Amino acid sequence: MATYVFPVTVSPLLTVLLVLAALAILAALGQRSSGMPGLPRLPVVGSLPWMTGTTPPHLLFMKFGRKYGPLFELYLGPHRTVVVNDHDHAREVLLQRGRDFAGRPSMVTTDLLTRGGKDIAFSDYSPLWKLHRRLVHSSFALFGEGSSRLQDIVLSEVDGLCAELLSSNGRGFDPSLAVTTAVTNVVCTLVFGTTYKHGDGELQEVMRYNDGIVQTITRGGLVDIFSWMKVFPNESLSKLRACIRVRDCLLTQKLHEHKATLSEGDPRDLLDALLKGQGSPGPDGTVITDDHVLMTAAEAFGAGVETTSTTLLWVLAYLLHHPEVQEKAQRELDEEVGERAVRAADRGRLPYLDSIINEGMRIRPVSPVLIPHIAMSDSSIGGHAICRGTRVLVNMWAIHHDPDHWDQPDLFKPDRFLDDQGQRVTPSCFLPFGAGPRICVGESLARMELFLFLSSMLQRMSFMLPGGATPPNLQGRLGVVLQPLPYKVAVRPRAGWEVSTHVN
């Protein structure tokens, strides 16, 4: 699931607020009533003066954790926010007290994005949300494990992606556009049954609006803290609204087309499945509206495209740093699959390749800080009282880089997910999709897609650095997700795959 954090830069308006707050600085500095360690705070602006600069939130929170401990508080303006930097407290928030902390804050940008929380990821916890989630989960199950439908969708797109990658004829190129286009096409086919040819105008429109949303939504940090700021001119919000209008126009057209052609029998795609299950009211009489269906489709793009394509690009970047890992995965593919096309059922026979995907999601989680949780009732974390309405941020980066749980956490070591016999091991502190009531509803789909794309690519071709190129920068840049910086790759076909021999 896509992450949402609070990038903060000092603006003229914030400077004014700081001047006003300085009148009470002596009285407010360092005051906290909860007993939980944490950052100082000022009236109005809270702890924001201690959070300026360019350090990404997940790294900033790790820095604060070294001073205040794995559980600490800060104030984002008036909002008390508890940061969780370790596995034990994260499991308490997500699992042991999952319902206590299953809420979501209402924020200006996400309310715009989701028509007031009519999606799954950003919607507040409620009976209607539970009904909606059950519908989405059952709809996704039609394309998940045990079904060949998603597999067929992905494998049809694998051919196009591999052909495009191999058409470079060994020249260095940036793989991000090809990978993102392939993943976007998978989501288009899954959501509304349209398969585009590469370069199709409507496909390009989908990619443009999705990228526009990704590039603008994280620039609303202050307006999500001080919602009254939305009355002022805001270029980022204007761009976000424009991208959302394009998105909603396209998806509304697809919805109307599906309604007009809906028939008995198996659903053709996700929109069909949602429409067929839409009419059943919940126990309290709540119903799933067209807005809920549209926002579910929109979220499939926001979450499904960016996270899957980014994870694949991170894994390729690390394989360029570690060619021995790529070679080991290809030996496993040769021994267990051979020359036939990889299928989803092969995943059990390819533990090392699966461990590469897991290690990619661990070392570079696309959601370094999970979407904020809200305490639905008075509760506690680690023995500290948490009042209803408190925001809770789970720092997945810190959890996945904790040296108490991971040996040499900054190194790319897929073998950490295998035991001495080469069988899969899944540590309890590995939570790439979250956990509990708010676990990512598309986890099984994402895992299948990642497996089929990566295994098929490594079966057919080898990735290497272009001549004279330096290995990819692994620091990344944070937007809606943590993306790798642009890098170039060269590919060569493996023996027997010079001309596609893929058989469905």
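See the structure above.
These lines cover the structure that appears in this document, whether it is placed above or below. Note that the structure is a prediction, hence the values are computed from the model and not measured.

1. Regarding the overall build of the chain
Counting its regular elements, the chain contains 17 helices and 10 strands. Seen through its C-alpha atoms, the chain measures out along the principal axes to roughly 75 × 55 × 40 Å. Relative to its full complement of 504 residues, the chain shows a buried share of 56%. Within the chain, contacts between residues at least 6 apart in sequence are counted, and of these 74% link residues at least 24 apart. Just so you have it, the chain exposes about 20,700 Å², and 54% of that area is on carbon and sulfur atoms. With 49 positive and 52 negative side-chain charges, the chain shows a separation of 5 Å between the mean positions of the two kinds.

2. Observations concerning empty space enclosed by the protein
Where empty space is left becomes clear once a probe the size of a water molecule has been rolled over the atoms. This structure, assessed with the given rule, holds five cavities of 30 Å³ or more. For the largest cavity, the lining is made up of 33 residues, of which A303, G304, T307, G442 and A446 are closest to its centre. Elements with a contribution of two residues or more to the lining of the largest cavity: α6 (127-141), α8 (176-192), α13 (290-321) and α17 (443-460). Taken together, the residues of the lining of the largest cavity sort by class into 24 nonpolar, seven polar and two charged.

3. Observations regarding the side chain of S462
By the element assignment, S462 lies in strand β7 (residues 461-464). Residue class for S462 comes out buried when judged on its relative accessible area of 9%. In terms of polar contacts, S462 uses its side chain to reach the side chain of Q330, at 3.2 Å. When residues no more than four places from it in sequence are discounted, the contact partners of S462 are Q326, Q330, A490, V491, R492 and R494.

4. Comments concerning the packing of aromatic side chains
For any pair of aromatic rings, the description rests on two quantities: the centre-to-centre distance and the angle between the ring planes. Under the criterion given, the structure shown has 11 aromatic pairs. Where Y125 meets W129, the ring centres are 5.3 Å apart and the plane angle is 45 degrees; that geometry is what we call tilted. For the residue pair Y125 and W129, the accessibility class agrees, reading buried in each case. Chaining the aromatic ring pairs together yields one cluster made of F64, Y68 and F72.

5. Section: the layout of surface pockets
Volume-wise, the second largest pocket comes out at about 450 Å³. If one sorts the elements of the lining of the second largest pocket by residue count, helix α9 (residues 201-217) sits on top with six residues. Each residue belonging to the lining of the second largest pocket can be placed in one class, and the counts come to nine nonpolar, nine polar and five charged.

6. Looking at the pattern of salt bridges
Per the stated rule, a full pass over the model turns up 20 salt bridges. Between K254 and E202 there is a salt bridge whose closest N-O contact spans 3.0 Å. Here E202 lies in helix α9 and K254 lies in helix α11 (residues 235-261), a separation of 52 residues in the sequence. Take K254: its relative accessible area is 7%, and that puts it in the buried class. Taking relative accessible area as the criterion, E202 reaches 22% and is therefore assigned partly exposed. A salt bridge links D272 to R268, with the shortest nitrogen-to-oxygen separation between them at 2.6 Å.

7. A short note on the side chain of Q483
With respect to the helices and strands, the residue Q483 is situated in strand β9 (residues 482-483). By relative accessible area, which is 16% here, Q483 ends up buried. Non-local contacts of Q483, meaning those with residues more than four positions away in its chain, are made with E306, T310, W314, G476 and R477.

8. Some remarks on unusual backbone geometry
Here R115, not a glycine, exhibits a phi torsion of approximately 55 degrees, which is positive. Secondary-structure assignment places R115 in the loop between α5 (108-114) and α6. Its identity is not glycine, yet Q408 carries a phi of approximately 45 degrees, on the positive side. Examined against the element boundaries, Q408 turns out to sit in the loop between α16 (396-400) and α17.

9. Thoughts on the packing of helix α7 (residues 149-166) against α17
Running from N to C, α7 and α17 cross one another at 35 degrees; their axes reach a closest spacing of 10 Å. Here α7 runs over α17; the crossing is right-handed. Across from L150, Q151, V154, L155, E157, V158, D159, L161, C162 and L165 in α7, the residues of α17 making contact are L445, M448, E449, L452, F453, S456, M457 and R460. Its residues placed into classes, the contact of α7 with α17 shows 12 nonpolar, two polar and four charged.

10. Focus: the sheet that holds strand β6 (residues 391-394)
Spatial strand order, β1-β2-β6-β3: four strands in an open sheet with mixed pairing. Here the strands that pair on one side only, and so sit at the sheet edges, are β1 (71-76) and β3 (373-374). In this sheet, strand β2 (residues 79-84) lies alongside β1 in antiparallel orientation, the contact comprising six bridges. The residue bridging L74 from the neighbouring strand is T81, located in β2. Of the strands in this sheet, β1, β2 and β6 touch helix α3 (residues 57-68), which is tilted by about 125 degrees from β1. Its contacts with the sheet place helix α4 (residues 87-96) against β1, β2, β3 and β6, and it is angled at close to 125 degrees to β6.

Rules and cut-offs
- Residues numbered from 1 in each chain as written.
- Predicted model: local features only at pLDDT ≥ 70, side-chain atom pairs only at ≥ 80, totals over all residues.
- Heavy atoms only, no water.
- Helix = DSSP H or I, 4+ residues; strand = E, 2+ residues; numbered from the N terminus.
- Buried < 20%, exposed > 50% of the residue type's maximum accessible area, 1.4 Å probe, protein only.
- Contact = heavy atoms within 4.5 Å.
- Areas by Shrake-Rupley, 256 points an atom, 1.4 Å probe, with all protein chains shown as cover.
- Lys, Arg positive; Asp, Glu negative; His and termini not counted.
- Charge placed at Lys NZ, Arg CZ, Asp CG, Glu CD.
- 1 Å grid on protein atoms, 1.4 Å probe; cavity = no way out; pocket = protein on both sides within 12 Å on 5 of 7 lines; lining within 4 Å.
- Points joined across faces, edges and corners; volume = space filled by probe spheres on them.
- Nonpolar A, V, L, I, M, F, W, Y, C, P; charged D, E, K, R; others polar.
- Polar contact = N/O pair within 3.5 Å; in protein donor to acceptor, adjacent residues only side chain to side chain.
- Phe/Tyr/Trp six-rings, centres within 6.5 Å; stacked < 30°, edge-to-face > 60°.
- Salt bridge = Lys/Arg side-chain N within 4 Å of Asp/Glu carboxyl O.
- Axes fitted to C-alpha atoms, helices over the stretch in contact; angles between N-to-C directions.
- Left-handed = near helix turned anticlockwise from the far one by under 90°.
- Pairing = 2+ DSSP bridges.

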